Amino acid sequence: MLRLPLLFALLVALALGGVAAAQPAQPAPTVAAASWLLVDVTSGQPLLAHNADERRDPASLTKLMTAYLAFAALRDKTLTPSQPVTVSERAWRAEGSRMFVEPRRAVSVDELLRGMIVQSGNDASIALAELVAGSEAAFAERMNGEAKRLGMTNTRFVNATGLSDPQHYSTANDLARLAAALIRDFPDHYALYALKEYRYNNITQPNRNRLLWIDPNVDGVKTGHTEAAGWCLVASAKRGERRLLSVVLGAASDAVRTGESQKLLNYGFQAFDTVQLYASGKPVSTLRVWKGATPEVAAGFLADQYLTLPKGKAAKLELTMTANEPLLAPIGRGQRVGTVKVALEGKALGEYPLLALADVPLASVFGRAWDTVRLWFK
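Everything numeric here is computed off the predicted structure, so don't read it as measured data.

Draft legend 1. Representation of the overall build of the protein within the structure. Across its full length, the protein holds 11 helices and 17 strands. Each principal axis of the C-alpha distribution contributes one length, and for the protein these read about 85 × 50 × 35 Å. When the 378 residues of the protein are sorted by exposure, 52% land in the buried category. A separation threshold of at least 6 residues defines the contact pool for the protein, and within that pool the share at least 24 residues apart is 67%. If you sum the accessible surface of the protein, you get close to 16,800 Å²; carbon and sulfur atoms cover 53% of it. Mean positive and mean negative side-chain charge positions of the protein (42 and 35 charges, respectively) differ by 4 Å.

What follows is the structure, encoded as structure tokens:
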């Protein structure tokens with residue numbers, strides 16, 4: 001077993017997404033909500049959580065998935081922003097919050113997106129669903145397919161708006177996964193969530209996310225409210241290169257969901273640091289290869305990795321590496337060739353696969369035979 005020096009440790013690539021962070025000395029805040037979660041989007045690590053896997057009515061947070069599928073259609077060029085849409089009577093008659101579209105009057109895809117995202121318009125959501133999939137029911141099937149692809153294992157959608165239904169549910173964990181995917185996959189469209197108001201049909205409506213006015217670092221994402229759901233907010237803030245995401249479900253009022261979300265985000269930035277451990281594809285070790293066309297292979301990781309730690313703890317990281325010995329050719333790029341173990345102050349944080357950064361084909365018959373003899377003596 002090789003013990004890695006700290007400089008090497010800070011360059012090692014670890015697959016840490018989803019690993020819970022070590023907790024800082026600063027006490028965690030008390031949060032007045034039925035379910036809540038704080039995630040460092042940069043590292044993918046959950047920092048704090050309460051009832052994060054409890055199934056809840058997501059209310060208008062549902063529209064995050066409606067937007068995700070609409071953004072995907074724009075990316076795939078099956079929709080265009082300026083495309084005119086004739087709104088159905090069903091969309092026009094949608095109950096709940098609305099952007100006040102008019103039946104048989106064309107509205108653009110871009111206007112519908114703003115009406116859904118800023119004004120939380122149910123009419124806009126249904127119009128987009130019908131445009132993308134032909135009907136809201138067919139669109140809900142696509143929503144569930146995308147949820148499965150994203151790993152939202154405790155989510156089921158039956159509509160595009162978030163109107164309450166016993167078979168329509170999600171969790172704080174799943175909603176955080178969805179919001180992070182939306183931010184990652186559609187950064188240009190995500191900018192719509194920072195708009196503070198939108199005017200359509202001579203009616204100006206403000207964004208219901210109050211944090212946009214309170215915290216200049218907050219740039220999204222979505223509010224929700226029904227009697228069954230309570231007051232809900234998924235919020236995200238970015239300071240420097242670091243992004244945090246909070247999910248608050250089932251708060252008692254608009255003011256409470258806003259204050260509790262702000263409390264979580266502030267705590268995450270104040271109590272934790274996020275450090276980059278390595279750059280994608282950068283070798284962190286060279287391992288001996290037997291019976292290969294080359295005697296060594298560079299080992300590392302194939303994606304940028306970050307680690308979130310309590311403030312001031314980065315220098316106390318402890319990393320050890322073990323190689324899969326003997327390492328025999330052929331070896332394919334991305335193949336596991338070892339393991340890196342990470343600990344902080346003696347407490348294990350996880351074990352992560354060390355990967356080959358290049359292919360190593362078999363050596364000639366003579367080369368393989370020679371290495372076979374050498375291995376007998378090793």
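Having seen the structure, we can now continue with the description.
Draft legend 2. Broad picture of the packing of helix H4 (residues 109-117) against helix H5 (residues 122-133). In the contact formed by H4 and H5, the axes pass within 8 Å of each other and the chain directions differ by 135 degrees. Relative to H5, H4 is oriented oblique. Between H4 and H5 lies a crossing of left-handed hand. Residues Val-109, Leu-112, Leu-113, Gly-115 and Met-116 of H4 form the contact with H5, whose own contacting residues are Ala-124, Ser-125, Ala-127, Leu-128 and Leu-131. Classifying every residue of the contact of H4 with H5 by side-chain character gives eight nonpolar, two polar and no charged.

Draft legend 3. Fine view of the packing of aromatic side chains. Scanning the model with the defined rule gives four aromatic pairs in all. Considering the side-chain rings of Tyr-267 and Phe-272, the 6.0 Å spacing of their centres and the 80 degrees angle between planes classify their relative orientation as edge-to-face. Look at Phe-272 and you get buried, because its relative accessible area is 0%. Through a chain of ring-to-ring contacts, three or more aromatic side chains come together here, namely Tyr-68, Phe-71 and Phe-186. The ring of Trp-290 carries the charged tip of Arg-288 above its face, separated from the ring centre by 4.1 Å.

Draft legend 4. Looking closely at the sheet that holds strand S10 (residues 242-251). Strand order in the open sheet formed by five strands is S3-S2-S10-S9-S8, and the pairing between neighbours is antiparallel. With one partner strand each, in any of the chains shown, strand S3 (45-50) and strand S8 (218-226) form the two edges of the open sheet. Direction aside, neighbouring strands of the sheet carry axes that sit 10 degrees apart on average. Relative to S10, strand S2 (residues 35-40) is paired through six bridges, and the arrangement is antiparallel. Its bridge partner being in S10, Val-39 is matched across the sheet by Leu-245.

Definitions and cut-offs
- Residues numbered from 1 in each chain as written.
- Predicted model: local features only at pLDDT ≥ 70, side-chain atom pairs only at ≥ 80, totals over all residues.
- Heavy atoms only, no water.
- Helix = DSSP H or I, 4+ residues; strand = E, 2+ residues; numbered from the N terminus.
- Buried < 20%, exposed > 50% of the residue type's maximum accessible area, 1.4 Å probe, protein only.
- Contact = heavy atoms within 4.5 Å.
- Areas by Shrake-Rupley, 256 points an atom, 1.4 Å probe, with all protein chains shown as cover.
- Lys, Arg positive; Asp, Glu negative; His and termini not counted.
- Charge placed at Lys NZ, Arg CZ, Asp CG, Glu CD.
- Axes fitted to C-alpha atoms, helices over the stretch in contact; angles between N-to-C directions.
- Parallel < 35°, antiparallel > 145°, perpendicular 65-115°, else oblique.
- Left-handed = near helix turned anticlockwise from the far one by under 90°.
- Nonpolar A, V, L, I, M, F, W, Y, C, P; charged D, E, K, R; others polar.
- Phe/Tyr/Trp six-rings, centres within 6.5 Å; stacked < 30°, edge-to-face > 60°.
- Lys NZ or Arg CZ within 6 Å of the ring centre and 35° of its normal.
- Pairing = 2+ DSSP bridges.

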